[in-house]
Amino acid sequence: MQIKPYSYPITGTLMKLLLEADPDSKAVDAYLKDARVFVASQQAEPVGIAVLQTSEDRAELKNIAVCQHHRGQGLAKQLIVTVKQAASQLGYSSLHVGTGNSSLSQLALYQKCGFRMECIKKDFFSTYPQPIYENGIRCLDLVMLRAPL
């Protein structure tokens with residue numbers, strides 16, 4: 001498995017992965033414009049993706065997704081380590097990530113990777129074109145987490 005920085009354009013396979021993690025294609029297109037993208041590949045086939053967005057004072061993991069048949073193998077953790085290293089090399093002291101209140105496995109993953117809950121943005125997902133349900137729970141709130149680098 002190789003994880004490398006990726007240059008555009010975003011292929012259909014990669015966009016499909018990104019949309020699994022964030023079903024709002026307009027939001028994905030907006031944050032891809034000024035982001036750093038990392039792709040995990042196995043035998044030249046993309047199997048995972050992570051998006052790092054930076055601003056003057058903040059580094060954020062905007063999206064991370066792994067192909068279904070590669071989940072549970074530690075690939076998401078490897079992608080997070082890669083993004084943390086990139087953010088640290090850019091001079092940031094922490095990395096932020098947001099996920100839905102209903103994304104139970106993602107909340108567990110981020111905490112296993114050293115993130116701590118920071119705040120909740122209520123009704124963040126209520127404006128999405130289609131309601132999102134995970135684990136039998138309506139996704140409405142954005143849970144923000146932060147990890148020191």
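No experiment lies behind these values; they were computed from the predicted model shown.

### Some points on the side chain of His-96
- Take His-96: it is sitting in strand S5 (residues 94-100).
- Of the polar contacts made by the side chain of His-96, one reaches the side chain of Arg-58; its length is 3.4 Å.
- Polar contacts involving the side chain of His-96 include one to the side chain of Glu-118, which spans 3.2 Å.
- Each residue touching His-96, except ones within four places of it in the same chain, is listed here: Arg-58, Ala-59, Glu-60, Leu-61, Phe-115, Glu-118, Met-144, Leu-145 and Arg-146.

### Some thoughts on the state of the cysteines
- Considering all chains together, one arrives at 0 disulfides under this definition.
- Take Cys-113: it sits in no disulfide, and the sulfur closest to it among the cysteines is that of Cys-67, at 18 Å.
- Sulfur of Cys-119: no disulfide; nearest cysteine sulfur belongs to Cys-139 and is 15 Å away.

### Observations concerning the pattern of salt bridges
- If you walk through the whole model with that rule in mind, you get 4 salt bridges.
- Salt-bridge contacts for Lys-62 lead to Glu-60; the nearest nitrogen and oxygen are separated by 3.9 Å.
- Its relative accessible area of 15% is what places Glu-60 among the buried residues.
- Look at the salt bridges and you will find they share partners, linking Arg-58, Glu-60 and Lys-62 into a network.

Conventions and cut-offs
- Residues numbered from 1 in each chain as written.
- Predicted model: local features only at pLDDT ≥ 70, side-chain atom pairs only at ≥ 80, totals over all residues.
- Heavy atoms only, no water.
- Helix = DSSP H or I, 4+ residues; strand = E, 2+ residues; numbered from the N terminus.
- Polar contact = N/O pair within 3.5 Å; in protein donor to acceptor, adjacent residues only side chain to side chain.
- Contact = heavy atoms within 4.5 Å.
- Disulfide = S-S within 2.5 Å.
- Salt bridge = Lys/Arg side-chain N within 4 Å of Asp/Glu carboxyl O.
- Buried < 20%, exposed > 50% of the residue type's maximum accessible area, 1.4 Å probe, protein only.

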